[in-house]
Amino acid sequence: MIKDLGEHPEDKKPVRVMKGKFGPYVKYKSLNATIPDEKDPHEITMDEALILIEKRKEYDKNKRKKNKYT
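Here the residue numbering is sequential within each chain, running from 1 through the sequence in written order. It should be noted that, the model being predicted, local features are given only for residues of pLDDT at least 70 and side-chain atom pairs only at 80 or more, the latter also being counted only at that level, while totals for whole chains, interfaces and linings use all residues. Values shown for side chains rest on all heavy atoms present in the structure; no hydrogens or waters enter the calculation.

Asks: Sorry if this is basic, but what is going on with the sheet that holds strand E3 (residues 23-28) here?
Replies: Strand pairing in a sheet takes place through backbone hydrogen bonds and is either antiparallel or parallel in direction. The pairing criterion for strands is at least two bridges between them, as found by DSSP. Elements are defined by DSSP. Helices are runs of H or I of four residues or more, strands are runs of E of two residues or more, and each kind is numbered from the N terminus. The strand order across the open sheet built from four strands is E1-E2-E3-E4, with neighbouring strands paired in antiparallel fashion. Looking at the sheet topology across the chains shown, the edges are occupied by strand E1 (3-7) and strand E4 (31-34). The sheet shows a mean angle of 25° between the axes of neighbouring strands, direction not considered. With four bridges connecting them, E3 and E4 associate as antiparallel partners. Each residue of the ladder has a partner; that of Val-26, found in E4, is Ala-33. Convention adopted: a line fitted to C-alpha atoms gives each axis, helices being fitted over their contacting stretch, and angles between N-to-C directions are expressed from 0 to 180 degrees.

Asks: Help me out: how do you make sense of the nonpolar core in this one?
Replies: Definition of nonpolar core: a set of buried residues of the types Ala, Val, Leu, Ile, Met, Phe, Trp, Tyr and Cys, connected through side-chain atoms within 4.5 Å. Classification of residues uses two cut-offs on accessible area relative to the type maximum, computed with a 1.4 Å probe and protein chains only: under 20% is buried, over 50% is exposed, and between them is partly exposed. Core analysis: the largest hydrophobic core is formed by 14 residues, its most contacted members being Leu-5, Val-15, Val-26 and Ile-44. Only strand E2 (14-20), E3, E4 and helix H1 (46-68) provide two or more residues apiece to this core. Top contributing element to this core by residue count: H1, with five residues. Should any heavy atoms of two residues lie within 4.5 Å, those residues are counted as being in contact. Those residues in contact with Leu-5 that lie beyond four places of it in its chain are Val-15, Arg-16, Val-17, Ile-44, Thr-45, Met-46 and Ala-49.

Asks: Explanation requested: the environment of Ala-33 in the structure shown.
Replies: With respect to the helices, strands and loops of the structure, Ala-33 is situated in strand E4. Judged by relative accessible area, Ala-33 falls into the buried class, the value being 2%. Taking C-alpha positions, Ala-33 is 6.0 Å from Leu-52, a pair spaced 19 residues apart along the chain. When residues no more than four places from it in sequence are discounted, the contact partners of Ala-33 are Tyr-25, Val-26, Leu-52, Ile-53 and Arg-56.

These results come straight from atomic positions and should not be treated as a statement about function.
Here's what the structure looks like:
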């Protein structure tokens with residue numbers, strides 16, 4: 001673990017910045033959101049992490065929709 005950002009504002013689950021095989025990422029529940037290369041993982045704030053989490057949720061939702069029709 002690189003950094004513990006604290007609890008998610010909605011459900012109080014932990015949000016953490018982790019070090020992974022393919023680079024740093026934000027972990028929230030079972031969701032892993034990649035941190036862009038230009039961002040320093042030690043400088044990530046809770047607000048930035050929440051944005052990354054939302055983007056990842058959208059990406060996963062859109063990915064599932066595409067797979068459904070193929």
